[in-house]
Amino acid sequence: MGAKQTRSAQKYQDLTDKTGFSPEQIKNLHKRFQHLSDNEETISRENLEKIPALANNPIRKQIIDAFFDKRNQHQNEVGAFQEIGFEQFLMVMSHFRPPTLKTTEEEREAMRKEKLRFLFNMHDTDNDGTITLEEYRKVVEELLSKSGAIGLEAAKAIADAAMLEVASTNVPHMAPDDFYEGITFEHFEQILKGLEMESRMHIRFLDVDTMTMRCGKSKS
Amino acid sequence: MADPRPARSRFSPRLTAAFLCVFLLVFLRCASASRDVVSGSNETWIRPARSTQEDPHDHHGNSTEHKKAFPVLAFNFEHVRKPFEISMWILLALLMKLGFHIIPRISHVVPESCLLIVVGLLVGGTIKAVEGTNAPVLDSKLFFLYLLPPIILDAGYFLPIRPFTENLGTILVFAVLGTLWNVFFIGGTMFAVCQIDGAGLADVDLLSCLLFGSIISAVDPVAVLAVFEEIHINDLLHILVFGESLLNDAVTVVLYHLFKEFSHEGSVSVSDALLGVVCFFVVSLGGILVGFIYGILGAFTSRFTSHTRVIEPLFVFLYSYMAYLSAEVFHLSGIMSLIACGVIMRPYVEANISHKSYTTVKYFLKMWSSVSETLIFIFLGVSTVAGPHEWNWTFVVFTVFLCLVSRVLGVIGLTSIINKFRIVKLTKKDQFIVAYGGLRGAIAFSLGFLLTDSKMKHMFLTAIITVIFFTVFVQGMTIRPLVELLAVKRKKESKGSINEEIHTQFLDHLLTGIEDVCGHYGHHHWKDKLNRFNKKYVKKWLIAGERSTEPQLISFYNKLELKQAMMLVESGSTSKLPSVMSSVSMQNIQPREPPRRRAMPSISKSREEEIRKLLRANLQNTRQRLRSYSRHDLMIDPFEDNVSEVHLRKQRVEMGRRMSHYLTVPANRQEAPPVRKVGFQPEHQVFTYDDAESPRSAEMKPRSAAVRLLNELPQRSDQSDAEPNAKQDDQEDQLKLSRGLSDPGPNQEQKES
């Protein structure tokens with residue numbers, strides 16, 4: 001038992017260094033992971049699709065895909081996993097950590113870039129480094145997918161207008177023949193500069209184990 | 001404004017205004033003094049058939065022995081006295097406000113509230129000098145029933161919901177715990193100070209001190225608004241201080257009534273204290289409930305106003321005012337009721353009322369709150385001169401000092417607790433601004449004024465006024481340089497970007513999804529649940545027609561489009577283009593299919609020149625109206641899908657119809673839905689045309705088979721018939737060419753028929 005303790009503590013230490021979570025948070029997330037995977041080593045797409053609360057989410061598919069996207073693992077690979085282990089799960093989650101009081105200005109910048117990169121990867125499904133008009137249209141359509149017919153009609157117009165805005169902000173003087181290929185990462189950063197991603201894109205990771213507190217609802 | 005006579009034009013309005021005001025005031029006072037004379041002549045006029053000996057006393061009529069001549073001109077001031085005085089006061093306030101903006105130098109350094117208090121002091125001084133006694137004072141009833149509600153309604157209706165709800169916990173902690181701390185600290189310490197011998201304050205007991213503490217502790221929303229509005233600080237700090245000033249009303253109301261009751265009895269028991277706590281919850285939650293009910297009523301009523309648009313704004317105002325008054329009936333927190341009513345009502349009402357009504361609501365609220373604020377500060381100045389003062393050095397100095405100390409201690413202490421629970425922590429700079437922004441204002445004064453008359457009351461009032469002056473003058477004037485010195489983040493100019501909106505929504509869903517994967521029900525989860533509940537049930541009841549199912553992104557987009565279109569139409573008379581216009585248009589974005597492009601022959605240069613000249617000549621006449629959505633420089637590829645075009649056209653026409661409902665520009669420019677079908681090309685639509693673009697568009701023609709059309713105004717339709725004929729030849733040529741080389745598709749053929 002002693003050896004197992006130190007082994008898991010060691011593993012957690014590695015993960016803490018890599019992802020920045022505290023050991024308590026990692027423990028809680030591990031419990032959740034095991035719950036989702038039915039106590040196996042890896043989870044697949046089906047496991048995530050089974051989460052009932054996600055059913056109402058219009059961008060469910062994109063979220064699930066993001067977990068299996070190799071680009072979010074910071075290892076310069078591309079493609080998609082079929083199944084992911086706990087470490088990869090944790091890596092994806094680490095994109096949603098908030099900044100602390102001790103975060104320096106540069107660290108904030110790096111954090112913002114990382115979060116924006118995550119969003120960019122979610123939109124850029126074919127991984128060519130740009131978000132084309134088609135891809136952007138798809139994004140808006142998915143966002144409005146729960147709104148029926150009105151949503152689908154307007155989605156195209158909205159996506160077009162948004163693309164136009166990105167183009168006019170970033171490349172204000174295009175000759176009429178030039179073709180704006182798509183939103184590059186720099187342009188994406190530029191257009192979302194005002195949102196202060198490092199302060200907005202985060203969720204609260206608990207230090208306290210809540211699994212036992214909701215024993216009646218463990219199915220969620 | 002290159003004025004040849006700058007000095008005169010800058011000063012003469014100001015001097016005239018000042019002169020006018022002094023004149024008005026003196027006139028007013030003299031008028032009241034000559035009341036007796038007036039009423040005397042009044043009587044004579046009402047009863048003309050009087051005995052003859054009265055006639056010699058009538059110094060207005062040309063009286064004969066028995067008959068009084070019909071008075072051609074009579075002086076009857078009593079009749080209109082009250083409205084006359086009210087109007088003159090308001091006029092004075094507004095003229096002062098006007099005057100300050102003519103002299104920009106001062107208003108940049110000194111906040112407006114300070115200037116207005118100074119004016120009030122001057123006016124009060126003048127009145128006192130002229131009249132001696134009987135100067136008007138800020139009557140509490142006037143303040144609480146007439147002057148305060150517009151300001152609070154304005155604040156509540158336009159409260160930025162997202163930052164408010166995100167920081168609600170912090171705001172509540174500051175409002176409730178912070179105010180409680182202030183009350184007991186100031187009250188307790190003042191009591192200790194009063195025990196010092198030689199200060200002459202021995203008769204002030206603990207309960208009175210606590211009462212005084214409860215009056216002076218609350219941060220005042222009017223003062224905070226007045227000062228913070230001018231420094232444009234970032235959203236977070238603004239909502240923290242402002243939210244606190246709004247929500248501490250409940251605490252203030254409870255404590256004030258509690259201590260006022262008990263200061264008569266002289267002692268407080270434990271059960272009374274417990275009742276006080278219960279009372280707090282009743283007051284705050286009850287106030288919110290009352291506001292909620294009236295808000296729902298207001299939203300529901302607005303669902304049916306589609307046929308009587310003119311009275312729509314009145315519903316908003318009256319329901320809100322009724323919420324305030326109803327809460328005040330039960331001694332609940334009127335401010336919280338008003339805020340709740342405005343917040344609840346707003347999203348549904350805005351979806352229901354017309355655009356003109358929305359503008360009316362906005363401007364009336366701003367107008368009333370502006371007038372109220374001005375009047376409040378002027379009256380504060382006047383009351384300072386008027387009220388009987390009881391100056392006690394120890395008391396006043398210690399009050400000011402303790403207010404500052406307790407505020408600073410409170411903020412620091414509470415922040416250290418709050419930061420454990422916040423994700424975005426409050427830095428030291430933030431804490432400083434929050435502490436420094438704790439301004440006191442007219443609410444404290446009015447509450448003090450309501451106390452029963454006694455020597456203690458006068459002493460309290462003097463201290464309150466001193467604190468108010470200190471916070472408004474010293475803190476108000478220095479906060480702007482301090483903000484700049486500390487480099488506090490300012491408010492970022494939001495341009496209403498569609499990308500930001502898309503991503504805000506996207507983020508909401510993403511974070512909710514991640515929370516669901518993580519398995520705990522956090523902030524986003526509940527917000528999402530509330531939104532879905534709202535969409536499914538509430539909106540159906542409260543929003544009329546098909547707007548009830550419109551998702552937020554689409555309504556945002558529509559609003560943005562409308563705003564842009566209006567802006568362009570209004571600026572249509574000048575040829576100035578909005579600066580953000582770039583030369584990017586849809587053709588740069590729409591993916592073009594290379595094969596087709598290659599199939600187009602390039603037209604000879606001379607032909608291009610001709611076409612360009614022709615178009616430009618025609619366009620000269622139509623320069624005015626050729627502005628429309630520059631964003632939608634849509635050049636429809638004629639080979640594109642028919643179906644989506646029809647939908648797009650429908651949307652455009654709908655948009656145009658909506659626009660024409662509310663535009664206030666004159667009719668000849670108004671009626672243009674930006675897109676109109678032109679006779680010979682029913683399926684294609686063009687959108688923008690700018691002089692800058694016309695030569696380019698001529699160049700474009702040969703390269704793609706898309707056809708451009710001119711925008712039309714209805715009355716120009718005859719002219720347009722002439723134009724297409726001229727252009728038709730050119731385009732026919734091009735199209736013949738293009739048709740010869742590629743498959744034109746069904747749309748082209750329709751043109752020929």
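Residues numbered from 1 in each chain as written. Chains lettered and ligands numbered in written order. Predicted model: local features only at pLDDT ≥ 70, side-chain atom pairs only at ≥ 80, totals over all residues. Heavy atoms only, no water.

**Points about a negative patch on the surface**
Here is step 1: A cluster of acidic residues, A:Glu40, A:Glu41, A:Glu46, A:Glu49 and A:Glu83, forms a negative patch on the protein surface.
Here is step 2: Its place among the elements puts A:Glu41 in the loop between helix H2 (23-36) and strand E1 (43-44). (Patch = residues over 30% accessible without salt bridge, like charges linked within 9 Å, V, L, I, M, F, W, Y side chains within 5 Å. Areas by Shrake-Rupley, 256 points an atom, 1.4 Å probe, with all protein chains shown as cover. Salt bridge = Lys/Arg side-chain N within 4 Å of Asp/Glu carboxyl O. Lys, Arg positive; Asp, Glu negative; His and termini not counted. Charge placed at Lys NZ, Arg CZ, Asp CG, Glu CD. Helix = DSSP H or I, 4+ residues; strand = E, 2+ residues; numbered from the N terminus.)

**Focus on the domain arrangement of chain A**
All names here are of chain A.
Here is step 1: Annotation of chain A at the domain level lists domain 1 (1-98 + 202-219) and domain 2 (99-201).
Here is step 2: Each partner contributes residues to the interface: domain 1 has 20 residues there, and domain 2 has 18 residues.
Here is step 3: At the boundary of domain 1 with domain 2, total buried surface from both sides reaches about 1700 Å², with 54% on carbon and sulfur atoms.
Here is step 4: Where domain 1 touches domain 2, the interface holds 1 salt bridge.
Here is step 5: Among the salt bridges present, the one from Arg71 reaches Asp124, with a minimum N-O distance of 3.9 Å.
Here is step 6: Where domain 1 packs against domain 2, one counts 6 residue pairs in polar contact (both at pLDDT 80 or more).
Here is step 7: Of the residues forming the side of domain 1 that touches domain 2, the biggest block, 3 residues, is contributed by helix H4 (residues 60-67).
Here is step 8: Residues of the side of domain 1 that touches domain 2, tallied by class, amount to 9 nonpolar, 8 polar and 3 charged. (Domains from an automatic or database assignment. Contact = heavy atoms within 4.5 Å. Buried area = accessible area lost by both parts, 1.4 Å probe. Polar contact = N/O pair within 3.5 Å; in protein donor to acceptor, adjacent residues only side chain to side chain. Nonpolar A, V, L, I, M, F, W, Y, C, P; charged D, E, K, R; others polar.)

**Focus: the nonpolar core**
Here is step 1: B:Trp89, B:Phe143, B:Leu148, B:Phe228, B:Ile233, B:Ile378 and B:Phe395 are the most contacted members of the largest nonpolar core, which totals 131 residues.
Here is step 2: Ranked by residues supplied to this core, first place goes to helix H11 (residues 235-265) of chain B with 16 residues.
Here is step 3: Grouped together as the second largest cluster of nonpolar side chains are 72 residues, A:Ile26, A:Phe89, A:Phe188 and A:Met201 included. (Core = buried A, V, L, I, M, F, W, Y, C linked by side-chain atoms within 4.5 Å. Buried < 20%, exposed > 50% of the residue type's maximum accessible area, 1.4 Å probe, protein only.)

**Structural notes on unusual backbone geometry**
Here is step 1: A positive phi angle is found at A:Asn39, which is not glycine, with a value near 65 degrees.
Here is step 2: Residue placement: A:Asn39 occurs in the loop between H2 and E1.
Here is step 3: Taking relative accessible area as the criterion, A:Asn39 reaches 65% and is therefore assigned exposed.
Here is step 4: If you check the backbone angles, B:His232 has positive phi at about 50 degrees while not being a glycine.
Here is step 5: When you line up the elements, B:His232 lands in the loop between helix H10 (221-231) and H11.

**Observations concerning the domain arrangement of chain B**
Accessible area lost when the parts come together is the quantity often used to give the size of an interface.
All names here are of chain B.
Here is step 1: Assigned domains within chain B: domain 1 (140-486) and domain 2 (500-561).
Here is step 2: Using only C-alpha atoms to locate each centre, domain 1 and domain 2 end up separated by 32 Å.
Here is step 3: With 11 residues of domain 1 at the contact, the number on the domain 2 side is 14 residues.
Here is step 4: Across the domain 1 to domain 2 interface the summed buried area is about 1000 Å²; carbon plus sulfur atoms make up 53%.
Here is step 5: Three residues stand out in domain 1 for area buried against domain 2, namely Arg162, Arg303 and Tyr348, and they jointly supply 52% of the buried area on that side.
Here is step 6: The interface formed by domain 1 and domain 2 includes 1 salt bridge.
Here is step 7: Salt-bridge contacts for Asp508 lead to Arg162; the nearest nitrogen and oxygen are separated by 3.0 Å.
Here is step 8: Our count for the contact surface shared by domain 1 and domain 2 stands at 3 residue pairs in polar contact (both at pLDDT 80 or more).
Here is step 9: Those elements that provide at least two residues to the side of domain 1 that touches domain 2 are helix H7 (161-166), helix H12 (270-302) and helix H14 (334-352).
Here is step 10: Each residue belonging to the side of domain 1 that touches domain 2 can be placed in one class, and the counts come to 5 nonpolar, 2 polar and 4 charged.

**Concerning the confidence of the model for chain B**
Residues and elements named next belong to chain B.
Here is step 1: Overall, the predicted model of chain B reaches an average pLDDT of 72, with 65% of residues at or above 70.
Here is step 2: Averaged over each element, pLDDT in chain B is lowest for helix H27 (residues 667-670) (37) and highest for helix H13 (residues 312-329) (93).
Here is step 3: Confidence over residues 30-64 falls short of pLDDT 50; this stretch has 23 contacts with residues more than four positions distant or in other chains.
Here is step 4: For the stretch residues 592-602, pLDDT sits under 50, and the model shows 18 contacts to residues farther than four places along the chain or on other chains.
Here is step 5: Per the prediction output, this complex has pTM 0.71; the corresponding ipTM is 0.89. (pLDDT = per-residue confidence, 0-100.)

**Structural notes on the packing of helix H20 (residues 498-518) of chain B against helix H21 (residues 523-542) of chain B**
All names here are of chain B.
Here is step 1: At a closest axis distance of 8 Å, the pairing of H20 and H21 adopts a crossing angle of 120 degrees. Viewed along their axes, H20 and H21 adopt a mutual orientation that is oblique. Relative to H21, H20 is oriented so that their crossing is left-handed. Note on element contacts: H21 touches H20 through His523, His524, His525, Lys527 and Asp528, opposite Asp508, His509, Leu511, Thr512, Glu515 and Asp516.
Here is step 2: By residue class, the composition of the contact of H20 with H21 is 1 nonpolar, 5 polar and 5 charged. (Axes fitted to C-alpha atoms, helices over the stretch in contact; angles between N-to-C directions. Parallel < 35°, antiparallel > 145°, perpendicular 65-115°, else oblique. Left-handed = near helix turned anticlockwise from the far one by under 90°.)

**Topic: the side chain of A:Asp69**
Here is step 1: Tracing the backbone through its elements, the reader meets A:Asp69 in the loop between H4 and strand E2 (83-84).
Here is step 2: Of the polar contacts made by the side chain of A:Asp69, one reaches the backbone nitrogen of A:Arg71; its length is 3.0 Å.

**With respect to the UniProt feature "domain: EF-hand" (unreviewed entry) in chain A**
Here is step 1: The residues that UniProt annotates with the feature "domain: EF-hand" (unreviewed entry) are residues 111-146 of chain A.
Here is step 2: The straight-line gap between the two end C-alpha atoms of residues 111-146 of chain A is 32 Å; of that span, 67% is helix and 6% is strand. (UniProt positions renumbered as here; feature names shortened; annotations may be inferred.)

**Considering the packing of aromatic side chains**
Here is step 1: Applying the stated criterion to the full structure yields 27 aromatic pairs over all chains.
Here is step 2: Measuring from ring centre to ring centre gives 5.1 Å for B:Phe212 and B:Phe395, while their planes differ by 50 degrees; the resulting arrangement is tilted. Here B:Phe212 is found in helix H9 (residues 206-216), whereas its partner B:Phe395 is found in helix H16 (residues 393-418), with 183 residues between them in sequence.
Here is step 3: An angle of 70 degrees between the planes, with centres 5.3 Å apart, marks the rings of B:Phe364 and B:Trp368 as edge-to-face. In this pair, B:Phe364 and B:Trp368 are both assigned in helix H15 (residues 355-386), 4 residues apart and thus about one turn of the helix distant.
Here is step 4: Take B:Phe364: its relative accessible area is 32%, and that puts it in the partly exposed class.
Here is step 5: Exposure remark for B:Trp368: the relative accessible area of 38% places this residue in the partly exposed category.
Here is step 6: Members of the aromatic cluster, each reached through a chain of ring pairs, are A:Phe33, A:Phe67, A:Phe86 and A:Phe89.
Here is step 7: A cation sits over an aromatic face here: A:Arg117 above A:Phe185, 4.5 Å from the ring centre.
Here is step 8: The ring of B:Tyr157 is capped by B:Arg346, whose NZ or CZ atom sits 5.8 Å from the centre of that ring. (Phe/Tyr/Trp six-rings, centres within 6.5 Å; stacked < 30°, edge-to-face > 60°. Lys NZ or Arg CZ within 6 Å of the ring centre and 35° of its normal.)

**Description of a nonpolar patch on the surface**
Residue and element names in this part refer to chain B.
Here is step 1: A contiguous nonpolar surface patch, about 370 Å² in accessible area, is contributed by Val277, Phe281, Leu285 and Ile288.
Here is step 2: Its location among the elements puts Phe281 in helix H12.
Here is step 3: The class of Phe281 is partly exposed, set by a relative accessible area of 46%.

**Remarks on the packing of H11(B) against H14(B)**
Residues and elements named next belong to chain B.
Here is step 1: Packing of H11 against H14 leaves a shortest axis separation of 7 Å and a crossing angle of 135 degrees. Considered as vectors, H11 and H14 are oriented oblique to each other. Facing H11, whose interface residues are Leu246, Leu247, Asp249 and Ala250, H14 presents Gly334, Ile335, Met336 and Ile339.
Here is step 2: Grouping the amino acids of the contact of H11 with H14 by side-chain chemistry returns 6 nonpolar, 1 polar and 1 charged.

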